[in-house]
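# Summary of structural features
Here is what each chain is made of, one letter per residue.
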Amino acid sequence: MAEKFKIKKGDKVVVRTGKDKGKQGEVLRVLRTENRVLVQGVNMVKRHQRQSQTQQGGIVEKEAALHISNVAHIDPKDDKPTRVGFKILDDGRKVRVAKRSGEVIDA
(Lines give C-alpha, C1' and ligand atoms only; values in the text may rest on other atoms or scores of the structure.)
Protein backbone atom coordinates (compact mmCIF):
# COMPACT_ATOMS: atom_id res chain seq x y z
CA MET A 1 0.00 0.00 0.00
CA ALA A 2 1.22 3.50 -0.84
CA GLU A 3 2.18 5.86 1.98
CA LYS A 4 0.39 9.08 2.88
CA PHE A 5 2.43 12.27 2.70
CA LYS A 6 2.14 15.73 4.16
CA ILE A 7 2.95 17.21 0.75
CA LYS A 8 0.13 17.51 -1.77
CA LYS A 9 -0.32 18.71 -5.34
CA GLY A 10 -0.32 22.50 -5.49
CA ASP A 11 1.83 23.05 -2.38
CA LYS A 12 4.73 25.51 -2.48
CA VAL A 13 7.98 23.72 -1.62
CA VAL A 14 11.72 24.40 -1.51
CA VAL A 15 14.45 21.92 -2.51
CA ARG A 16 16.75 21.14 0.42
CA THR A 17 19.56 19.12 -1.24
CA GLY A 18 21.13 18.41 -4.61
CA LYS A 19 21.94 20.49 -7.67
CA ASP A 20 18.75 22.56 -7.34
CA LYS A 21 19.16 23.33 -3.63
CA GLY A 22 17.26 26.46 -2.64
CA LYS A 23 14.96 26.53 -5.66
CA GLN A 24 11.26 26.95 -4.98
CA GLY A 25 8.30 25.70 -6.96
CA GLU A 26 4.83 24.27 -6.93
CA VAL A 27 4.21 20.52 -6.67
CA LEU A 28 2.78 19.30 -9.97
CA ARG A 29 2.37 15.64 -9.02
CA VAL A 30 2.96 13.29 -6.08
CA LEU A 31 4.10 9.76 -7.00
CA ARG A 32 3.07 7.92 -3.84
CA THR A 33 4.27 4.46 -4.85
CA GLU A 34 7.78 5.77 -5.57
CA ASN A 35 8.01 8.33 -2.70
CA ARG A 36 8.70 11.09 -5.23
CA VAL A 37 7.33 14.48 -6.28
CA LEU A 38 7.42 16.56 -9.48
CA VAL A 39 8.17 20.23 -8.78
CA GLN A 40 7.59 22.91 -11.41
CA GLY A 41 10.84 24.28 -12.88
CA VAL A 42 13.09 22.10 -10.69
CA ASN A 43 15.35 19.16 -11.68
CA MET A 44 15.00 19.84 -15.40
CA VAL A 45 16.26 17.11 -17.75
CA LYS A 46 16.48 16.90 -21.54
CA ARG A 47 14.67 14.13 -23.35
CA HIS A 48 14.80 13.25 -27.04
CA GLN A 49 11.22 13.21 -28.29
CA ARG A 50 10.11 11.41 -31.44
CA GLN A 51 7.70 13.35 -33.62
CA SER A 52 4.04 12.34 -33.44
CA GLN A 53 0.86 13.63 -35.06
CA THR A 54 0.23 16.05 -32.21
CA GLN A 55 3.76 16.91 -31.02
CA GLN A 56 6.86 18.04 -32.84
CA GLY A 57 10.05 16.04 -32.36
CA GLY A 58 13.35 17.28 -30.96
CA ILE A 59 14.99 17.77 -27.58
CA VAL A 60 12.42 18.59 -24.90
CA GLU A 61 13.17 19.88 -21.41
CA LYS A 62 10.91 18.63 -18.64
CA GLU A 63 10.84 18.10 -14.89
CA ALA A 64 12.17 14.89 -13.38
CA ALA A 65 10.95 13.51 -10.05
CA LEU A 66 12.69 14.32 -6.75
CA HIS A 67 12.61 12.18 -3.63
CA ILE A 68 10.03 13.53 -1.21
CA SER A 69 12.61 13.77 1.60
CA ASN A 70 14.56 16.35 -0.42
CA VAL A 71 11.77 18.95 -0.41
CA ALA A 72 10.25 20.98 2.42
CA HIS A 73 7.08 23.05 2.72
CA ILE A 74 7.41 26.81 2.55
CA ASP A 75 6.03 28.62 5.60
CA PRO A 76 3.21 30.90 4.39
CA LYS A 77 4.26 33.58 6.90
CA ASP A 78 7.98 34.10 6.13
CA ASP A 79 8.79 31.95 3.02
CA LYS A 80 11.28 29.70 4.83
CA PRO A 81 11.32 25.87 5.02
CA THR A 82 9.15 24.34 7.71
CA ARG A 83 7.94 21.01 8.99
CA VAL A 84 4.25 20.19 8.94
CA GLY A 85 1.92 19.15 11.73
CA PHE A 86 -1.82 18.61 12.03
CA LYS A 87 -4.41 20.47 14.07
CA ILE A 88 -8.16 20.07 14.51
CA LEU A 89 -10.04 23.35 14.25
CA ASP A 90 -13.09 24.36 16.29
CA ASP A 91 -15.43 23.43 13.43
CA GLY A 92 -13.98 19.87 13.40
CA ARG A 93 -11.79 20.17 10.28
CA LYS A 94 -8.33 18.60 10.36
CA VAL A 95 -5.81 20.97 8.75
CA ARG A 96 -2.07 21.04 8.10
CA VAL A 97 -0.12 23.57 10.17
CA ALA A 98 3.41 24.98 9.71
CA LYS A 99 5.47 24.05 12.78
CA ARG A 100 7.67 27.14 12.36
CA SER A 101 4.92 29.77 12.70
CA GLY A 102 1.75 27.87 13.57
CA GLU A 103 0.13 29.22 10.38
CA VAL A 104 -2.52 27.03 8.68
CA ILE A 105 -1.30 25.69 5.32
CA ASP A 106 -4.66 24.42 4.02
CA ALA A 107 -6.93 27.19 2.81
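Quick notes on the rules
- Residues numbered from 1 in each chain as written.
- Predicted model: local features only at pLDDT ≥ 70, side-chain atom pairs only at ≥ 80, totals over all residues.
- Heavy atoms only, no water.
- UniProt positions renumbered as here; feature names shortened; annotations may be inferred.
- 1 Å grid on protein atoms, 1.4 Å probe; cavity = no way out; pocket = protein on both sides within 12 Å on 5 of 7 lines; lining within 4 Å.
- Points joined across faces, edges and corners; volume = space filled by probe spheres on them.
- Helix = DSSP H or I, 4+ residues; strand = E, 2+ residues; numbered from the N terminus.
- Domains from an automatic or database assignment.
- Salt bridge = Lys/Arg side-chain N within 4 Å of Asp/Glu carboxyl O.
- Buried < 20%, exposed > 50% of the residue type's maximum accessible area, 1.4 Å probe, protein only.
- Pairing = 2+ DSSP bridges.

Where an unreviewed UniProt entry is consulted, the protein appears under the name Large ribosomal subunit protein uL24, with the organism given as Oceanibaculum pacificum. Quoted verbatim from the Subunit (unreviewed entry) field of the UniProt record, the comment on the protein reads "Part of the 50S ribosomal subunit."

Turning next to the layout of surface pockets. Size it by volume and the largest pocket reaches roughly 270 Å³. Surrounding the largest pocket, 13 residues form its lining, Lys6, Ile7, Val71, Arg83 and Val84 being those nearest its centre. Every element with two or more residues in the lining of the largest pocket is listed here: β7 (71-74) and β8 (81-82). It is β7 that provides the largest number of residues to the lining of the largest pocket, a total of three residues. Mapped onto the domain boundaries, the lining of the largest pocket takes at least three residues apiece from domain 1 (1-74) and domain 2 (77-106). Put simply, the second largest pocket is a space of about 190 Å³. Lys4, Phe5, Lys6, Ile7, Lys8, Val30, Arg32, Phe86, Lys94 and Arg96 are the residues that line the second largest pocket. Mapped onto the domain boundaries, the lining of the second largest pocket takes at least three residues apiece from domain 1 (1-74) and domain 2 (77-106).

A separate point is the pattern of salt bridges. The full count for this structure, using the stated rule, is five salt bridges. The salt bridge partner of aspartate 11 is arginine 96, with a shortest N-O separation of 2.7 Å. With aspartate 11 in the segment before β1 (12-15) and arginine 96 in strand β10 (residues 94-98), this pair connects stretches of sequence that are 85 residues apart. Both residues of the pair, aspartate 11 and arginine 96, belong to the buried class. With a closest N to O distance of 2.8 Å, aspartate 106 and arginine 96 form a salt bridge. In this pair, aspartate 106 sits in the segment after β10 while arginine 96 sits in strand β10, placing the two residues 10 residues apart along the sequence. Classification of arginine 96 by relative accessible area gives buried; the value is 4%.

Here six strands make up an open sheet; going across it, the order is β6-β3-β2-β1-β7-β8 and the pairing antiparallel. Here the strands that pair on one side only, and so sit at the sheet edges, are β6 (66-67) and β8. Pairing geometry for strand β3 (residues 36-39) and β6, over two bridges, is antiparallel. Residue pairing across strands places arginine 36 opposite histidine 67, the latter belonging to β6.

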